[in-house]
Amino acid sequence: MRQWLLAMVMCGLAACAPESDEHSALPQPQPTAFDGALVQQAAAKAAHGKRIADVLGCTGCHGKDLQGERFYELYASNLTRDIDKYSDQQLEHVLRVGVPPNGRELWGMPSELFQHLSEPDMAALIAHLRTLKPTGGPTQPPLPFPADVREMIAKGEWKTTAATVREVKAIAPVDVGPAHELGRYISRVTCAECHGPELKGGRDTPDLLVAGAYSPEEFERLMVDGIGSRGRKLKPIMEGVSKGRFSKMTPRERAALYGYLKRRAEQPQ
């Protein structure tokens, strides 16, 4: 009887025991991120963050040296002076959600894209911003919106950053399988800025199904030189984005983006 009870106790202990080291040592899946996101050395991480800042277009609004400048009816902040006001957690929050610690409403910040940045890419971006030395003048105070912009806001045609983040949070480009996840990720944090969260285009931009008509060589020239298929001249904004931002992607990243867009175009519509 005692031997039977002992056997039952030992069996129960075995069932409750933690998994063996063999299982706990299984490799964890790597996050989907831009090339170089998993570097550990501080300088390399900051360098990766600098490249990501270029690809994401931070300089397009905040200026070449991120000292802030006017665009449309807004003043982008002088990041070199403002970064030290934020902890890393606060900085990530304002990048992903578009709400600074003081709770004021931001306009024009593309946090609807940044909310989808992988943790390694976000950490590298913040590491780069931490390297900035204060230069230039303080951020200009906000300009009053003119009547036409106020009318757009009243109609809901232009919304605060935080409202846009909430609105598109769950909307994503179509999933075409794990083999194309990197390209899908890149499209979600870059192309979606102009072509919409599902890449279906808008009033002034096409559905990116058009990418399916490009050969790999044509797509590479589009991304690096801003030249359309068969040498077609594109709108200045696309040409500028290609030369200034997408050319900073690695060849592997551009190939992944092409592969995803091509596969998306081949899906039944």
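Residues numbered from 1 in each chain as written. Predicted model: local features only at pLDDT ≥ 70, side-chain atom pairs only at ≥ 80, totals over all residues. Heavy atoms only, no water.

Asks: Account for the pattern of salt bridges, naming residues and giving values.
Replies: Tallied over the full model, the rule gives 18 salt bridges. Residues Arg254 and Glu220 are paired through a salt bridge, measuring 2.8 Å at the closest nitrogen-oxygen approach. Residue Arg254 is located in helix H15 (residues 251-266), and its partner Glu220 is located in helix H13 (residues 216-225); the two are separated by 34 residues in the primary sequence. Lys243 is the salt-bridge partner of Glu239, the closest N and O atoms lying 2.9 Å from each other. Linking Glu239 with Lys243, this pair stays in helix H14 (residues 236-244), spanning 4 residues, or about one helical turn. Accessibility expressed as a relative area gives 44% for Lys243, which makes it partly exposed. Several salt bridges share partner residues, and in doing so they unite Lys50, Asp54 and Lys248 into one network. (Salt bridge = Lys/Arg side-chain N within 4 Å of Asp/Glu carboxyl O. Helix = DSSP H or I, 4+ residues; strand = E, 2+ residues; numbered from the N terminus. Buried < 20%, exposed > 50% of the residue type's maximum accessible area, 1.4 Å probe, protein only.)

Asks: I'd like a description of the environment of Ser77, backed by residues and values.
Replies: Positionally, Ser77 belongs in the loop between strand E2 (74-75) and helix H5 (79-82). Judged by relative accessible area, Ser77 falls into the buried class, the value being 19%.

Asks: I'd like a description of the side chain of His48, backed by residues and values.
Replies: By secondary structure assignment, the location of His48 is in helix H3 (residues 42-56). Residue contacts for His48: discarding those within four places in its chain leaves Phe34, Asp35, Gly36, Ala37, Asp121 and Ala124. (Contact = heavy atoms within 4.5 Å.)

Asks: I'd like a description of the packing of H13 against H14, backed by residues and values.
Replies: The N-to-C vectors of H13 and H14 enclose an angle of 90°; their axes lie 5 Å apart at closest approach. Overall, the two elements H13 and H14 adopt an arrangement that is roughly perpendicular. Within the contact between the two elements, H13 uses Leu222, Met223, Val224 and Asp225 and H14 uses Met238, Glu239, Ser242 and Lys243. Of the residues belonging to the contact of H13 with H14, the class tally is 4 nonpolar, 1 polar and 3 charged. (Axes fitted to C-alpha atoms, helices over the stretch in contact; angles between N-to-C directions. Parallel < 35°, antiparallel > 145°, perpendicular 65-115°, else oblique. Nonpolar A, V, L, I, M, F, W, Y, C, P; charged D, E, K, R; others polar.)

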